[in-house]
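Structure at a glance
Take a look at the letters that make up each chain.
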Amino acid sequence: LATPAPNRRTAERMPRAALLCAAALCAWLLFYKLACFRGLAYTSDLFQFSQLATSWLRGQFLTDNCYGDHLSVHTYLFCPLLALVVVPFGPAGLLLILGAALAAMFLGVFKVVRLFDIPPTVALGWAAVMAIMPLSIQVYRDEIYGFHVELLVPVIGIWLTYFLLRRNWPGALGMALLLISIKEEEPLIAAVIALAVACEDLIRAAGA
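First, a word on what this report is: a plain description of the structure on this page. (Residues numbered from 1 in each chain as written. Predicted model: local features only at pLDDT ≥ 70, side-chain atom pairs only at ≥ 80, totals over all residues. Heavy atoms only, no water.)

**Thoughts on the packing of aromatic side chains**
All chains considered together, the criterion is met by 6 aromatic pairs. Geometrically, the ring pair formed by Phe49 and Phe147 is edge-to-face, given 5.6 Å between the ring centres and 80 degrees between the ring planes. Placement of the pair is Phe49 in helix H3 (residues 44–54) and Phe147 in the loop between helix H7 (134–141) and helix H8 (153–165), with a sequence separation of 98 residues. The exposure classification of Phe49 matches that of Phe147, with both residues buried. When the centroid spacing of 5.4 Å and the interplanar angle of 75 degrees are considered together, the rings of Trp159 and Tyr162 count as edge-to-face. Taken together, the positions of Trp159 and Tyr162, both in helix H8 and 3 residues apart, correspond to about one turn of that helix. A relative accessible area of 3% means that Tyr162 is categorised as buried. Feature note: the residues Phe49, Tyr76 and Phe147 constitute an aromatic cluster, connected by ring pairs. (Phe/Tyr/Trp six-rings, centres within 6.5 Å; stacked < 30°, edge-to-face > 60°. Helix = DSSP H or I, 4+ residues; strand = E, 2+ residues; numbered from the N terminus. Buried < 20%, exposed > 50% of the residue type's maximum accessible area, 1.4 Å probe, protein only.)

**So, the pattern of salt bridges**
If the charged atoms of two oppositely charged side chains come close together, the side chains can form a pair. Counting across every chain of the model gives 4 salt bridges. One salt bridge in this structure joins Glu143 and Arg141, with 3.5 Å as the shortest N-O distance. As a salt-bridge pair, Glu185 and Lys183 come within 3.7 Å of each other at their nearest N and O atoms. By relative accessible area, which is 32% here, Glu185 ends up partly exposed. Overall, the relative accessible area of 12% leaves Lys183 in the buried class. Connected through shared salt-bridge partners, Glu150, Lys183 and Glu185 make up one network. (Salt bridge = Lys/Arg side-chain N within 4 Å of Asp/Glu carboxyl O.)

**Comments concerning the state of the cysteines**
Counted under the stated rule, the structure contains 0 disulfides. Cys26 supplies the cysteine sulfur nearest to Cys21, a cysteine that is in no disulfide, at a spacing of 13 Å. (Disulfide = S-S within 2.5 Å.)

**With respect to helix H2 (residues 16–38)**
Compared with the 33 Å implied by 1.5 Å per residue over 23 residues, the 32 Å span of H2 between its first and last C-alpha is a close match. Within H2, the full set of buried residues consists of Ala18, Ala22, Leu25, Cys26, Leu29, Leu30, Lys33 and Cys36. In this structure, the buried side of H2 is in contact with helix H5 (92–114), helix H6 (120–132) and H7. Immediately beyond the C-terminal end of H2, within one or two residues, lies Leu40, with a positive phi of roughly 60 degrees. (Expected span 1.5 Å × (residues − 1). Contact = heavy atoms within 4.5 Å.)

Rendered as structure tokens:
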């Protein structure tokens, strides 16, 4: 049952088909989310996160009109980074982030699977299943609220897994810090991912 040791050579190859599929997924989700936004389908949280992303530009760190000082509720330390899309595009910029997150998750799964010398076509199929299975779509759909910063946990977790498997410590540390900054319980997610990679190594060593 042991997988082969990760192969760094396969990790460097990103076929055009994977990039095209990722772009199609991003466009598809963004179109759906913008259609819902235009149809006034979303309520409070999309607009609260827009305020949390930009309040520091007005001298008030992580504040919104609903809860005031949001640090008394959640440690959304990642949110100020979202100002990069909220300032030019408004709340709709957060929907663009979700489209990009789905595309990046697809590419991350592809690269993780390819680390173990899985053929590219099989890796593409597996990444597609992960991206468009009902659970994934339900997560990104976020039907009532439109956006939550926690929806970025899967994609960051996938890339944390990738960098850990490659023993790329700067990349792994960067992804771990991003993951932990999303919300107060995310250190548990980071720990579980690290434990899964460690178990993978132990199983491979036992099967060698």
